[in-house]
Amino acid sequence: MLCEEAGRILAKAKFAIAFTGAGISAESGVPTFRDANGLWRNYKPEELATPEAFRRNPKLVWEFYKWRMRLIAKARPNRAHLALARLEKMGIIKAVITQNVDDLHREAGTENLIELHGNIFRVRCTSCAYRENLKESGRLEEFLTSEDLPRCPRCGSLLRPDVVWFGEPLPQDALERAFELASKADVVLVIGTSGVVYPAAYIPYVVKEHGGRVIEINPKRSGITPIADVFIPKPAGEGMEGILRGVEAFLGGKGSDHQRRK
Ligand code: OAD
Ligand code: ZN
């Protein structure tokens, strides 16, 4: 019922976007941050994911990020990522705004992707403008097996993960694009985020303030649930497949109606 309703809303939308968090990748085996087994339940973010932590102990921070890179490199997109990419191909979802750094939306085939918190497979220099995508350069394996601290091939300074740490601003262009999309979207599909990390968590609120509707999939209530028009209390895979079926049923039904009328 809920998925049907969500499917109908999406199928009728003029400009629908999606906003995702760690929960969409949980079924791919990527740990979330704030759930029972989440990363921030077992590790202290201030020791691993801040610029101060990196200055203090770059080795520890790099160990943590290499561990996550390895784990994520083995992960495959799940049916929620795939259903979302399918909705984009159908012309229904216009963009996916993600807080995830895991690259799984891209692997699933999503094309218009905005990564608010960076990408774990990219590194950048702490001094110059050097950036590298290790997946694209084919150096990931070599990078992960090296014991040394990674250095910039241009200037020799330390390389760091190209992700957003606590206390750091989000990439300006990504943030601007995200807010622009949110202000013109008539529907936002929010999947698997606790909705407590700002400014990212403003996205669904911006959609709502501009008169758009909010559909949420999350097995638990989140910071977004109070403004959700449709809340689907399911894991992402099941919820997204349900929604995809709902969209197809609506479009199919409309199609046959149309034919009947002809
Ligand atoms: P959180 O770990 O805060 O929240 C994960 C959400 O996913 C929770 O609301 C869970 O209920 C939900 N969830 C768990 N399993 C799920 C499933 N199978 N299907 C759907 N939902 C599920 O992760 P985020 O909201 O993404 O920031 O966290 C936001 C930011 O905080 C991250 O981007 C990261 C972190 O610190 C940075 O790295 C800058
Ligand atoms: Zn450099």
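Right, let's walk through the structure included here. For clarity, every value in this text was computed on a predicted model and none was experimentally measured.

1. Some remarks on helix H10 (residues 172–184)
Reasoning step 1: The end-to-end C-alpha distance of H10 is 19 Å, a good match for the 18 Å that 13 residues give at a rise of 1.5 Å each.
Reasoning step 2: Among the residues of H10, Ala 174, Leu 175, Ala 178, Leu 181 and Ala 182 are the ones counted as buried. Taken end-on, H10 shows its buried residues confined to a sector of 130 degrees, consistent with a single buried face. Across from the buried face of H10, at angles greater than 90 degrees, the exposed residues are Gln 172, Asp 173 and Glu 180.
Reasoning step 3: Contacts from the buried residues of H10 go to strand S1 (16–20), strand S2 (93–98), strand S3 (113–115) and helix H11 (202–209).

2. Overview of the nonpolar core
Reasoning step 1: Among the nonpolar cores identified, the biggest contains 30 residues, and Trp 62, Tyr 65, Met 69, Ile 120 and Trp 165 are the most heavily contacted of them.
Reasoning step 2: Mapped onto this core, the elements with two or more residues apiece are helix H2 (39–42), helix H4 (51–56), helix H5 (58–74), strand S4 (118–125), helix H9 (140–145) and strand S6 (159–163).
Reasoning step 3: When residues of this core are assigned to their parent elements, the largest contribution, six residues, is made by H5.
Reasoning step 4: Excluding its chain neighbours within four sequence positions, the residues that come into contact with Met 69 are Trp 62, Ile 120, Phe 121, Leu 134, Leu 140, Phe 143 and Leu 144.
Reasoning step 5: Ranked by size, the runner-up nonpolar core spans 29 residues in total, among them Cys 3, Leu 84, Val 96 and Ile 217.

3. Describing empty space enclosed by the protein
Reasoning step 1: Within this structure, the stated rule accounts for one cavity of 30 Å³ or more.
Reasoning step 2: Quantified by volume, the largest cavity comes out at close to 40 Å³.
Reasoning step 3: Val 30, Pro 31, Leu 39, Trp 67, Arg 68, Leu 71 and Ile 72 together form the lining of the largest cavity.
Reasoning step 4: A breakdown of the residues in the lining of the largest cavity according to their chemical character gives six nonpolar, no polar and one charged.

4. Focus: the environment of Asn 112
Reasoning step 1: Tracing the sequence through the fold places Asn 112 in the loop between helix H7 (104–108) and S3.
Reasoning step 2: Residue classification places Asn 112 among the partly exposed positions, given a relative accessible area of 30%.
Reasoning step 3: Considered as a pair, Asn 112 and Glu 88 are 24 residues apart in the sequence and their alpha carbons are 8.5 Å apart.

5. Focus: the layout of surface pockets
Reasoning step 1: Counted as a void, the largest pocket has a volume near 1000 Å³.
Reasoning step 2: Every residue lining the largest pocket is counted, 49 residues in all, and those nearest its centre are Ala 22, Thr 32, Phe 33, Arg 34 and Ser 194.
Reasoning step 3: For the lining of the largest pocket, the secondary structure elements donating two or more residues are H2 and H5.
Reasoning step 4: With three residues, H5 is the single largest residue contributor to the lining of the largest pocket.
Reasoning step 5: Among the residues making up the lining of the largest pocket, the classes are represented as 25 nonpolar, 14 polar and 10 charged.
Reasoning step 6: When its volume is computed, the second largest pocket comes out at roughly 310 Å³.
Reasoning step 7: If you go around the second largest pocket, you meet 19 residues; those closest to its centre are Glu 115, Gly 118, Arg 122, Pro 171 and Ala 174.

6. Topic: the packing of aromatic side chains
Reasoning step 1: Tallied over the entire structure, the rule returns 11 aromatic pairs.
Reasoning step 2: Taking the centre distance of 5.9 Å and the plane angle of 50 degrees together, the rings of Tyr 43 and Trp 67 count as tilted. Linking Tyr 43 in the loop between H2 and helix H3 (45–48) with Trp 67 in helix H5, this pair joins segments that are 24 residues apart in sequence.
Reasoning step 3: Residue Tyr 43 is classed as partly exposed on the basis of its relative accessible area of 35%.
Reasoning step 4: Judged by relative accessible area, Trp 67 falls into the partly exposed class, the value being 32%.
Reasoning step 5: Ring centres of Trp 62 and Phe 143 lie 5.3 Å apart, and the angle between their planes is 65 degrees; on these two criteria the pair is classed as edge-to-face. With Trp 62 in helix H5 and Phe 143 in helix H9, this residue pair connects regions lying 81 residues apart in the sequence.
Reasoning step 6: One aromatic cluster in this structure is built from Phe 33, Trp 40, Tyr 43, Phe 54, Phe 64, Tyr 65, Trp 67, Trp 165 and Phe 166.
Reasoning step 7: Lys 66 extends its terminal NZ or CZ atom over the ring of Phe 143, reaching a point 5.1 Å from the ring centre.
Reasoning step 8: Here the basic side chain of Arg 160 rests over the ring of Trp 165, its NZ or CZ set 3.9 Å away from the ring centre.

Criteria and cut-off values
Residues numbered from 1 in each chain as written. Chains lettered and ligands numbered in written order. Predicted model: local features only at pLDDT ≥ 70, side-chain atom pairs only at ≥ 80, totals over all residues. Heavy atoms only, no water. Helix = DSSP H or I, 4+ residues; strand = E, 2+ residues; numbered from the N terminus. Expected span 1.5 Å × (residues − 1). Buried < 20%, exposed > 50% of the residue type's maximum accessible area, 1.4 Å probe, protein only. Arc of directions from axis to C-beta. Contact = heavy atoms within 4.5 Å. Core = buried A, V, L, I, M, F, W, Y, C linked by side-chain atoms within 4.5 Å. 1 Å grid on protein atoms, 1.4 Å probe; cavity = no way out; pocket = protein on both sides within 12 Å on 5 of 7 lines; lining within 4 Å. Points joined across faces, edges and corners; volume = space filled by probe spheres on them. Nonpolar A, V, L, I, M, F, W, Y, C, P; charged D, E, K, R; others polar. Phe/Tyr/Trp six-rings, centres within 6.5 Å; stacked < 30°, edge-to-face > 60°. Lys NZ or Arg CZ within 6 Å of the ring centre and 35° of its normal.

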